[in-house]
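# Observations on the model geometry
Now for the letters of each chain:
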There are 2 protein chains.
Amino acid sequence: MPANATTAEIVAAMRSAQRIAVVAHVRPDGDAVGSVLGLVLSLRALGKDVIAILEDGVPGHLAFLPGTDTVVQPGTEPLGLDLAIALDTSTHERVGAKTKALLDAAPLLVNIDHHPTNPGYGQLNLIDADSPATGQIIYNLLSEHGLPIDDAVLQNLFVAISTDTGSFQFSNVNARTHRIVAEMIEAGLDTARLAQLVYQSYPLRRLELMRDMLNHMKFSADGRVLSWQLRRELMEAVGMQAGDTEGLIDILRMVDSVVGCVIFEDMPDGKVRVSARSKDSRLDVSVVCGHFGGGGHRMASGTRMKGPIEEAAQKFLEVLEHEVRRID
Amino acid sequence: MPANATTAEIVAAMRSAQRIAVVAHVRPDGDAVGSVLGLVLSLRALGKDVIAILEDGVPGHLAFLPGTDTVVQPGTEPLGLDLAIALDTSTHERVGAKTKALLDAAPLLVNIDHHPTNPGYGQLNLIDADSPATGQIIYNLLSEHGLPIDDAVLQNLFVAISTDTGSFQFSNVNARTHRIVAEMIEAGLDTARLAQLVYQSYPLRRLELMRDMLNHMKFSADGRVLSWQLRRELMEAVGMQAGDTEGLIDILRMVDSVVGCVIFEDMPDGKVRVSARSKDSRLDVSVVCGHFGGGGHRMASGTRMKGPIEEAAQKFLEVLEHEVRRID
Ligand SMILES: [Mn+2]
Ligand SMILES: [Mn+2]
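Predicted, not measured: the structure shown is a model, and the values here were computed from it.

## Re the coordination of the manganese ion (ligand 1)
Residue and element names in this part refer to chain A.
- Distances from the manganese ion (ligand 1) to its protein donors, D31 (OD), D88 (OD), H114 (NE2) and D164 (OD), fall at 2.1 to 2.3 Å.
- Here the donor residues of the manganese ion (ligand 1) are spaced in sequence according to D-x56-D-x25-H-x49-D. You can see D31 sitting in helix α2 (residues 30-45) and its partner D88 sitting in the loop between β4 (83-87) and α3 (97-103), a full 57 residues away along the chain.
- Owing to a relative accessible area of 2%, D88 belongs among the buried residues under this scheme.

In structure tokens, the structure reads:
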């Protein structure tokens, strides 16, 4: 991995550019959307001409964030960029194919991320694996260098940090994380309103998915594996949209006997998306996903498999259960 | 309400006493257990002879907290106290009848709480309605006056604060709350481990309760009211224990159309416990609960009603729906 640039070098690159694109990864989560818009709104307040690009757009449950109405999905028209900035994206490709084509025309690529596996694909890189969220890196960057921070910027960066830490519950949280939120509250940010919008405002169809999960989830390996198949018919029946399933796997993970849990999900292309979680550091779910061509982190991994979903589940669970038995 | 004592007066009372009882309210939640044990362990480290009393004992899901093995339920034997301290308990009676009888023999009662309705029933009172948790008041007290704070104290006070703020999501959270947690992490506290124990380790029977709730919850008032009846038969079928229902109402509150939600619960004495939540500051659920002899906060209230549960629900919902229609 190339050495990190200094934050001063990165801010200098932002200040000397005029036409800037800021992007994040496909299937954007709260950290991706919040980091992009936090930085975009600050740079716009600085007078820059900034375009926010997300290959898959903004998921509906995050549409309340200020600035989401200015996010565009990539076209094919060249953008005439002075600078491209990729946030929260562990590999260059994960910005999405169309977005990558647009960025490749920019004279300079800045890569800011907190994924430890990020290879440093930018000309200027700022990879801080100790930050629980890219939003925390952006907040530090803006506040350290006196870039504009208003309430709209804070809303986006708070949601970035809150969602990537599971509302401050994950092991990536550090003292700085809480000090940042204290500063945000002192600056007048209404964090409770945002938490309500993020965590307590779900469409009924989300509870319908949850209900199906609780009615049809399956234990195996003596209660240590818990899995659920999210089938096309259910998606259609409830009118599922992007973001509806976020966090559902955490409910499976809650059961005290469980060490590994999995959600299998029918994809539009006939494939099956697999999301797996481990609750025991001796169980490495990235090994199981790797067996099927996927990967990720030790405690959280994913892959895609050939359908139908029932067969994919059977094959995946066989390998997972084998790994679970190995930790006895 | 009588004026608050200074924290110096309260600490002086603690320092000059030798035999001290610390208590909290019946059906103790995370703030009650965590505040009691945080203070108890600090006072014991100071060389005091401290008895921790909870009328209903420690609920199973909080038994991991250090010191819970020393918590006793009240007997009838006099305790020979120099000082009694009630924490997180909005009325004198809510410590429980047996506990109250023991406390009444103490020459001095200190009352530390964050409920705004606390009438100040102690000889020394410290009511801070701006604190999201009694645990935050205790942390401030200990750190301000240099009382012992070790990891076991911090574990208890963190769980007190985390649970009473819904993992930092509620509107009672302030900048000081986050600064305290930053200090705790800097002192070496593993907050992620505690969050996992509190939020991600539930017995399967909790998911069975959740499943029943999602299968049998009822909408009314055009989707703006959502309620569920937790019946005796279900409790027996799943082997329900204290603490199993904690947070279930937050799932009802998630639905975006809902402004008020209620759980009705069969009690051993044939009465029905009612827990109500508002999501809209114009809807005051304490008014609805007050109509049936209960009370609490504007956004979170409760009461007890005569059974059977079906009739209690019908009567309560009638009044709640009327209040909901008033905010149109
Ligand atoms: Mn992230
Ligand atoms: Mn409390």
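## Focus on the environment of V319(B)
Residues and elements named next belong to chain B.
- Within the secondary structure layout, V319 lies in helix α12 (residues 309-326).
- Judged by its relative accessible area of 19%, V319 falls in the buried class.
- Sequence spacing of V319 and F170 is 149 residues, and the spatial spacing of their C-alpha atoms is 26 Å.
- When sequence neighbours within four positions are dropped, the list of residues in contact with V319 reads V288, H291 and F292.

## What about unusual backbone geometry?
- Geometrically, the link from G307(A) to P308(A) is a cis peptide bond, its omega value of 0° lying close to zero.
- Its place among the elements puts P308(A) in the loop between β12 (300-306) and α12 (309-326).
- One non-glycine residue with positive phi stands out, namely D88(A), at about 60°.
- Backbone geometry places F168(B), a non-glycine residue, at a positive phi of 70°.
- Topologically, F168(B) is positioned in the loop between α5 (151-164) and α6 (175-186).

## Some words on the packing of aromatic side chains
- Per the counting criterion, the structure on display carries seven aromatic pairs over all chains.
- Ring geometry for F264(B) and F316(B): centres 5.8 Å apart, planes at 80°, overall edge-to-face. Of the two residues, F264(B) is situated in strand β9 (residues 260-266) and F316(B) in helix α12; the sequence distance between them amounts to 52 residues.
- Here F264(B) falls in the buried class, since its relative accessible area comes to 0%.
- Chaining the aromatic ring pairs together yields one cluster made of F158(A), F168(A), F158(B) and F168(B).
- Directly above the ring of Y202(A) sits R206(A), whose terminal nitrogen or CZ lies 3.8 Å from the centroid.

## Some points on the coordination of the manganese ion (ligand 2)
Residue and element names in this part refer to chain B.
- Taken together, D31 (OD), D88 (OD), H114 (NE2) and D164 (OD) make up the protein donors of the manganese ion (ligand 2), found 2.1 to 2.2 Å from the metal.
- In the primary sequence, the donor residues of the manganese ion (ligand 2) line up as D-x56-D-x25-H-x49-D. In this pair, D31 sits in helix α2 (residues 30-45) while H114 sits in the loop between β5 (109-113) and β6 (124-127), placing the two residues 83 residues apart along the sequence.
- For H114, a relative accessible area of 10% gives the class buried.

## A word on the pairing of strand β4 (residues 83-87) of chain B
All names here are of chain B.
- The element β4 is largely enclosed, with a buried count of five among its five residues.
- The alternating pattern of β4 places L83, I85 and L87 and A84 and A86 on opposite faces, both of which are buried.
- Two strands pair when backbone bridges link them, and β4 and β5 are joined in this way by four bridges, in the parallel orientation. Paired with L87 across the two strands is I112, which belongs to β5.
- At this point the chain moves from β4, through helix α3 (residues 97-103), to the parallel β5, and the crossover so formed is right-handed.

## Some points on the UniProt feature "domain: DHHA1" (unreviewed entry) in chain A
- Cross-referencing UniProt, the feature "domain: DHHA1" (unreviewed entry) maps to residues 239-324 of chain A in the present numbering.
- Helix makes up 35% of residues 239-324 of chain A and strand 28%. Its end C-alpha atoms lie 35 Å apart.

## Points about the relation of the copies chain A and chain B
- The transform that puts chain A on chain B rotates by 180° and translates by 0.3 Å along the axis, for an RMSD of 0.6 Å. Such values leave the two copies arranged in the relation of a two-fold axis. Minimal C-alpha distance to the rotation axis in chain A is attained by H178(A), lying at 2.5 Å.
- Most of the interface of chain A is mirrored in chain B, where 100% of its interface residues again form contacts.

## Description of the interface of chain A and chain B
- With 37 residues of chain A at the interface, the matching set in chain B holds 37 residues.
- Counting the surface lost from both chain A and chain B, the interface buries some 3700 Å², and carbon and sulfur atoms represent 59% of this.
- It is Q169(A), Q200(A) and M254(A) in chain A that bury the most area against chain B; as a group they hold 18% of the surface buried on that side.
- At the junction of chain A with chain B, the criterion picks out two salt bridges.
- Of the charged contacts in the structure, one is a salt bridge between E186(A) and R179(B), with a shortest N-O distance of 2.7 Å.
- Joining chain A to chain B, the criterion identifies 13 residue pairs in polar contact (both at pLDDT 80 or more).
- Mapped by element, the contributors of at least two residues to the side of chain A that touches chain B are α6 (175-186), α7 (191-199), α8 (204-216) and α10 (248-254) of chain A.
- For the side of chain A that touches chain B, the leading source of residues is α6(A), giving eight residues.
- Class assignment of the residues belonging to the side of chain A that touches chain B gives a composition of 21 nonpolar, nine polar and seven charged.

## What to know about the nonpolar core
- Counting 113 residues, the largest nonpolar core has I85(A), I112(A), V22(B), I85(B) and I112(B) as the members making the most contacts within it.
- Excluding residues within four positions of it along the chain, V22(B) makes contact with V36(B), L39(B), V40(B), L43(B), V50(B), I51(B), A52(B), I53(B), I85(B) and L87(B).
- Within the second largest apolar cluster, 42 residues are counted, among which are L226(A), L230(A), V238(A) and V255(A).

## Focus: the UniProt feature "domain: DDH" (unreviewed entry) in chain A
- UniProt marks residues 19-161 of chain A with the feature "domain: DDH" (unreviewed entry), using the numbering shown here.
- Regarding residues 19-161 of chain A, the helix share stands at 31% and the strand share at 18%, and the terminal C-alpha atoms are separated by 27 Å.

## Remarks on the environment of L39(B)
Residue and element names in this part refer to chain B.
- Structurally, L39 can be placed in helix α2.
- L39 gets classed as buried once you look at its relative accessible area, which sits at 0%.
- Measuring from C-alpha to C-alpha, the distance between L39 and G135 comes to 8.9 Å, with 96 residues separating the pair along the chain.
- Excluding its chain neighbours within four sequence positions, the residues that come into contact with L39 are M14, V22, I85, L87, I138 and L142.

Scoring rules and cut-offs
Residues numbered from 1 in each chain as written. Chains lettered and ligands numbered in written order. Predicted model: local features only at pLDDT ≥ 70, side-chain atom pairs only at ≥ 80, totals over all residues. Heavy atoms only, no water. Donors = N, O, S within 2.8 Å, 3.2 Å for Na, K, Ca; no water. Helix = DSSP H or I, 4+ residues; strand = E, 2+ residues; numbered from the N terminus. Buried < 20%, exposed > 50% of the residue type's maximum accessible area, 1.4 Å probe, protein only. Contact = heavy atoms within 4.5 Å. Phe/Tyr/Trp six-rings, centres within 6.5 Å; stacked < 30°, edge-to-face > 60°. Lys NZ or Arg CZ within 6 Å of the ring centre and 35° of its normal. Pairing = 2+ DSSP bridges. Right-handed = clockwise from strand over helix to strand, strands pointing away. UniProt positions renumbered as here; feature names shortened; annotations may be inferred. Least-squares fit on C-alpha atoms with pLDDT ≥ 70 in both. Buried area = accessible area lost by both parts, 1.4 Å probe. Salt bridge = Lys/Arg side-chain N within 4 Å of Asp/Glu carboxyl O. Polar contact = N/O pair within 3.5 Å; in protein donor to acceptor, adjacent residues only side chain to side chain. Nonpolar A, V, L, I, M, F, W, Y, C, P; charged D, E, K, R; others polar. Core = buried A, V, L, I, M, F, W, Y, C linked by side-chain atoms within 4.5 Å.

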